[in-house]
Each structure stands twice: as structure tokens, then as C-alpha cells.
Amino acid sequence: MGAKWETGVINSRGIFGDLMANRISRAAILTVVALLVISAIWQAFRTACAPVAQYGACRASSYFYWGWFYDYQTLIAGLVALAGAWWGVRALNMQMRQAEIAENQRLESRRTAARVTLPFALSAISEYAEVCANQLEYLIGKCDDHGGLPADVEVPSLPPVPIDAVAALRDMTEAARSEDRSALAALLAKVQIQQSRIGSLLGGRRRMGGIVVKHTLQDYFLDSAELYARASSLFGFARGTAGMPDATIHAADLNSALHNMGIFDDDELYDRVKGRTAA
């Protein structure tokens, strides 16, 4: 909030300074132009009145001397032209700055709006990951001693991806600054991977004659845990209490996700965590 207020103050001061500079430069140019016009009128009077002053205005012109201004009017006109060009460029730059400030304000408003809805999207993604994990945990528990899922075990219906949450994540990714997009993009990519693998579970079982191995189900479970971990890591940013997290998921993040999902004593899962994450 403080940084945004300070930026607004700086922008306001910059615009005010540009306006004042343009007014001063315009006043200076108009003053020089007026002096050039006066010198031209004075010279015309001098020419018309020579050699004898015939009118009161002619006699009055003798009290003023504009000859030097008239003699250097070409130089002065050139300087006025340069000043006018500078003034025009400065006015154009000010207009471009104002357009840039307006665009930045529009993008900031868009980021704020997207960030407000982000916690709801992350909650929906977390719930989706938990439901998937629960269903996969059930299937893992049905595997036989040989590590296969018996053909007579019915695979429960797995939940659809929360489309509204994906749309909110997409909007936040588009509105985010470039340095803040990696974690959001990684979460969206993981949602797609999770959907693809979960969706292929039934189809793969039909194509392979009902063979589904336990290790595959465990990998799918860890996909759900990673999805949960990535969504959880973004809550601080979404609520404005922390910055954007790193896109890398570590073993500690997955272990924490497994604990939050109620998995405490599955040694096989915890061993597989070590092989798919950074330390």
C-alpha cells in the first residue's frame, strides 16, 4: 500500500512538473513572438516616418529602440522555432507518460481483481486434489500382494477439474508481473497433468485388460499431493501476506501435503517422494 501510494505521489509530481514546464515554455515563446511583432511594427513606423516624422506615433517611436531586435530577428526566430519544437516534443512525451501511467493503473486494477478471487480458486484446487487423493488411496488399499489392482475392483468416479478455478488461475497468470508467473504457470500445468493421468486411469484399465499396478496409483497420488502443495504455497501471496513462492516443489512441501491429507505412516509413499522432488 505504501509503495503504491508513493508511486502515485511521484507520478502526480512528475505530471505537475511537466505541466508547469510546458506553461513556462509556452509563455516564453509567446513573449518572444510578441517582441518580434512589436519590432516589426516599430521598423515599419521607422520606415514610414523617415526622413521626417509626420505623425504623433512617429514622434513617439523615437523614444523606443528596437533596432537590435529587428536586426537579429532571423536568429531569434530560429531560436523560437527550436523552442517550439522542444515544447512540442515535451508535450508529446508528457502525453505518452500519461498514457503509460493510465495503462499501469489499469493493469494494477486487473491484478488486484484477479488476486481477490485467487484464494477461492486455490481452495477449489486443494479440495479437488484431496478428493482425488482419497479415491486413489482407496484403490491403493485394494491392491493385492503382487502390487496389482484386481480386475473386479471398481474404479470410483473421479472428480472433474474445477473449471472456474482454472479460469481464475489463468486470469491471475495473465495479469501477474512476469517475475510472478512461474509458480502460477506451474500450478496450471500440474492441473492439466493431473487431469490427463486421472482421466486415463479407466481408459488404460480397459486397454490393458484390467491391469493397474500399485506404483502407478502411488504416482497419481503424489501428483495430487503436489497439486495440493502448490496450491497451498500460493495462499500467502493470494491473501497479500507473502510474496510469490518459488515454482520448485521440495520434498518437505510434499511431506507436508501428505500430512495434511492424513497420510502419516505410508513408508512407500514417503520413499517415493524422495525420488521425485528436490531436497
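Refer to the structure presented above.
Everything quoted here is computed from the prediction, not taken from an experiment. (Residues numbered from 1 in each chain as written. Predicted model: local features only at pLDDT ≥ 70, side-chain atom pairs only at ≥ 80, totals over all residues. Heavy atoms only, no water.)

## Here's the deal with the packing of helix α7 (residues 214–233) against helix α10 (residues 267–274)
To keep things clear, this is the line we draw: For helices, the fitted line uses only the C-alpha atoms of the stretch in contact; every axis is such a line through C-alpha atoms, and the angle between N-to-C directions lies from 0 to 180 degrees. Where helices and strands are cited, they refer to DSSP runs of H or I of at least four residues and of E of at least two residues respectively, numbered from the N terminus. By definition in this entry, angles of less than 35 degrees are roughly parallel, angles greater than 145 are roughly antiparallel, angles of 65 to 115 are roughly perpendicular, and the rest are oblique. Each crossing gets its hand from how the near helix is turned against the far one by less than a right angle, where anticlockwise is left-handed and clockwise is right-handed. The contact definition used throughout considers only heavy atoms, calling two residues in contact when any of these lie within 4.5 Å. Note on residue categories: nonpolar means Ala, Val, Leu, Ile, Met, Phe, Trp, Tyr, Cys or Pro, charged means Asp, Glu, Lys or Arg, and polar means any other residue, Gly included.
Two numbers describe how α7 lies on α10: the axes approach to 10 Å, and their chain directions differ by 70°. Here α7 is positioned roughly perpendicular relative to α10, judged by the angle of their axes. Handedness of the α7/α10 crossing: right-handed. Here α7 contributes K214, H215, Q218, D219, F221 and L222 to the contact with α10, which in turn contributes E268, L269, R272 and V273. Looking at the contact of α7 with α10 residue by residue, the classes come out as four nonpolar, two polar and four charged.

## Re the pattern of salt bridges
As a reminder of what qualifies: One speaks of a salt bridge when a side-chain nitrogen belonging to Lys or Arg is within 4 Å of a carboxyl oxygen belonging to Asp or Glu. Here the term buried applies to any residue with accessible area under 20% of the maximum for its type, exposed to any over 50%, and partly exposed to those in between, with areas from a 1.4 Å probe on protein chains only.
Considering all chains together, one arrives at 11 salt bridges under this definition. Between E108 and R177 there is a salt bridge, and its shortest N-O distance comes to 3.1 Å. With a gap of 69 residues between them, E108 in helix α4 (residues 73–141) and R177 in the loop between α5 (163–175) and α6 (181–207) connect regions that are remote in the sequence. When its relative accessible area of 22% is taken as the criterion, E108 is described as partly exposed. Here K190 ties to D223 by a salt bridge, and the two come within 3.1 Å at their closest N and O atoms.

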